[in-house]
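Observations on the model geometry
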Amino acid sequence: MIRHLYRLCPQPWLLLRLGLLHAVLAVLQGLLLALLVPILRALLRAEPDFAAAEPWLFTGAIGLLVYAVLTMIASPVGFAASMQLAAQLRHHVMRHVTTLPLGWFTADRKARLARALTADVGCVAQLAVTIGAPAITCVLVSATILAVVFAVDLRLALLLLAVVPVAYVTLRHAGRVASAAEIELEAAATEIAARAIELGQAQPVLRAAGRGETGGERLREALDEHRRSYRRGLGRSTLPDLGYTAVVMAGLLAVLVLGARMLLVGALSVADTVAWMVLAVRFFEPLGALIDLVGALRAMDNAMTRLEEIFHAPALPRSADPVRRVERASVEFSRVSYAYTDTPALSEVSFVCPPGTTTALVGASGSGKTTVTRLIARFFDVDAGVVRVGGVDVRDLDPEVLMNEIAIVFQDVYLFDATIEENLRLARPEATREELLIAARAARLDEVVERLPNGWQTRVGEAGAQLSGGERQRVSIARAFLKQARIVLIDEAGSALDPENERAIGHAIAELARDRERTVIVIAHRPTTLASADQVVSLAGGRVVETGAPDELRRAGGVFARLYHQYEQTRGWCIAARRDATRSASP
Ligand SMILES: Nc1ncnc2c1ncn2[C@@H]1O[C@H](COP(=O)(O)OP(=O)(O)OP(=O)(O)O)[C@@H](O)[C@H]1O
């Protein structure tokens, strides 16, 4: 367990100091109790010898003073160690998960991550101090008393020692049972977290289906299972816990009976018998307390194992000598294949986007367009082939350099619950006010900001809920401008936006593409975006079926021509529908 903790906590100095402090306190406590032997021998006799007891009493008083001071020091050290450990662990986990491929983030793993950052880190940081330290004290107090008794009376020491292996075996068994119960309970708690997240995310769907109130069955099942796990765990732990307590109590009873018998037969003096009884009680008392600590220690060990599982999730490999400069903003796919599961999402995909051009990716739903953009941003690594940015394999590029070169405009833009300015500055925190305004103007975000009650300081709400989908996308496009990334990946909204957002976003994308320094790759749905692209890459079933200039492909009458026709028709219907709606609304 200590090795476990050391592996997880790379700077364990505070913890080490705390452990040492508690070890000293425990040994001191044992030695102070040992003073009882000479003190009682001097005082419990027909004519008490105060002079003989005096130096021991004085030593005891000094010892108690030192003990009190060390106890006072231990408390803030424990608090600081717990805080430091929690901060280190959380930092460590967060740094690692940012290097994981996006495929790692399944719903269950996200729930596990949430539990790891809250419950597991909290458990390790708190228990290492509140349970680890008392456990050291319990073991060392008993060990010191045993050593003292060895020095005073070998027979009594051997008697105490005889209890230790039996207690150890029963304690180990109780610990194992508690550990298994904790693992089961934590799995049930993680399931609750996953179902709660799912219930929150699925609210719009459930309400649309009229099941807003009844849609929580899966969460209810998870809660019931948690309750059952808890009960099962309690049931399983009761007997081993009682077994251990019985061993300790039996040991204490045997020792007390033997002490009384030795007194009666004259083998022990009254003073030694009283000292022996006190030492025996103080030997067994901490041993007995270990049963309450062992469950918590096992829980802490399990939490560390779960944290380690996250650390063992393989990060995207980093080149030992990464390329730190991208010369050209070109993007190239060379016979790229990729599969999320068994079915390939992309097969042998090849195309080139020269620097400063705009490439429109088209294809039916599920044809692999989003996967292409994810591979450029290296959310995952290809199974075969190579993705190159500026002529360099993205796996050889420094991840930070790659991310600096790329800006992504998703269809569903996630905004943080902060002000609109803070959300924009995420792209470049050091940007000047002037740069912020230029980016906002280019993305037509300035019109949105003007309308908001607190302008730039308006909070956008959780996940940006205060803004419409189109407005959120404008924030995302403004981020791309502000970042001055040379490669921009855009997933244009497929569903119809309101006319104002549609016009604004159309202009903003055209503005992005106008810059001849910038390479734009857009999953395009709007005929104007398609028509203005330098080239079109048509995908079907994860393969490239056509590449060429939009006009050429329209004349060729293939996949692109069909899709283009469909998009035009959809737009036509939308415009007609809007016109009808406007007419019927007018008096
Ligand atoms: N995270 C994932 N896990 C498993 N399979 C996935 C995942 N994401 C996409 N796929 C599968 O990979 C294939 C390509 O998906 P992709 O999202 O790239 O298509 P797309 O052309 O962007 O579709 P759409 O236009 O509907 O967004 C599909 O068969 C899809 O089901």
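Residues numbered from 1 in each chain as written. Predicted model: local features only at pLDDT ≥ 70, side-chain atom pairs only at ≥ 80, totals over all residues. Heavy atoms only, no water.

An unreviewed UniProt entry annotates the chain as ATP-binding cassette, subfamily B of Nannocystis exedens. Taken from UniProt, the Subcellular location (unreviewed entry) comment for the chain reads in full: "Cell membrane". (UniProt positions renumbered as here; feature names shortened; annotations may be inferred.)

Here we come to the site of the ligand. Lining the immediate environment of the ligand, one finds Tyr340, Ala345, Ala364, Ser365, Gly366, Ser367, Gly368, Lys369, Thr370, Thr371 and Arg374. In the model, an oxygen atom of the ligand is placed 2.6 Å from a nitrogen or oxygen of the Ser365 side chain. Note that an oxygen atom of the ligand is positioned 2.4 Å from one of the side-chain N or O atoms of Thr370. When the ligand sits alone it has 630 Å² of accessible area, and the protein chains cover 56% of it. The greatest single-element share of the shell around the ligand, amounting to four residues, is contributed by helix H11 (residues 369-376). (Near = heavy atom within 4 Å. Polar contact = N/O pair within 3.5 Å; in protein donor to acceptor, adjacent residues only side chain to side chain. Areas by Shrake-Rupley, 256 points an atom, 1.4 Å probe, with all protein chains shown as cover. Helix = DSSP H or I, 4+ residues; strand = E, 2+ residues; numbered from the N terminus.)

Next up on the list: the environment of Ser337. Tracing the backbone through its elements, the reader meets Ser337 in strand E1 (residues 331-339). Spatially, the C-alpha atoms of Ser337 and Ser347 are 4.3 Å apart, while their sequence positions differ by 10 residues.

Spatial strand order, E2-E1-E4-E5: four strands in an open sheet with antiparallel pairing. Two strands in the sheet have a free side with no partner beyond their single neighbour: strand E2 (344-353) and strand E5 (392-393). In this structure, strand E4 (residues 384-389) lies alongside E5, joined through two bridges in antiparallel fashion. Bridging from a neighbouring strand, Arg388 pairs with Asp393 of E5. Across the sheet, H11 is in contact with E1, E2 and E4; its angle to E1 comes to roughly 115°. (Pairing = 2+ DSSP bridges. Contact = heavy atoms within 4.5 Å. Axes fitted to C-alpha atoms, helices over the stretch in contact; angles between N-to-C directions.)

On to the packing of helix H5 (residues 107-130) against helix H7 (residues 154-201). Interaxial distance between H5 and H7 falls to 9 Å at its minimum, and their mutual angle equals 120°. Classified by the interaxial angle, the pair formed by H5 and H7 is oblique. Between H5 and H7 the crossing geometry is right-handed. Of the residues in H7, those in contact with Asp108, Ala111, Arg112, Arg115 and Asp120 of H5 are Glu186, Ala189, Thr190, Ala193, Ala194, Arg195 and Ile197. A breakdown of the residues in the contact of H5 with H7 according to their chemical character gives five nonpolar, one polar and six charged. (Parallel < 35°, antiparallel > 145°, perpendicular 65-115°, else oblique. Left-handed = near helix turned anticlockwise from the far one by under 90°. Nonpolar A, V, L, I, M, F, W, Y, C, P; charged D, E, K, R; others polar.)

With that settled, consider a nonpolar patch on the surface. Taken together, the side chains of Leu44, Leu263, Val270, Val274 and Val278 define a hydrophobic patch exposed on the protein surface, amounting to about 340 Å² of accessible area. Sorting elements by how many residues they give to the nonpolar patch places helix H10 (residues 270-312) first, with three residues. When you line up the elements, Val278 lands in helix H10. (Patch = residues over 30% accessible without salt bridge, like charges linked within 9 Å, V, L, I, M, F, W, Y side chains within 5 Å. Salt bridge = Lys/Arg side-chain N within 4 Å of Asp/Glu carboxyl O.)

Scanning all chains against the criterion turns up six aromatic pairs. Ring centres 5.1 Å apart and planes at 85° place the aromatic pair Trp104 and Phe105 in the edge-to-face group. Trp104 gets classed as buried once you look at its relative accessible area, which sits at 12%. Exposure remark for Phe105: the relative accessible area of 25% places this residue in the partly exposed category. (Phe/Tyr/Trp six-rings, centres within 6.5 Å; stacked < 30°, edge-to-face > 60°. Buried < 20%, exposed > 50% of the residue type's maximum accessible area, 1.4 Å probe, protein only.)

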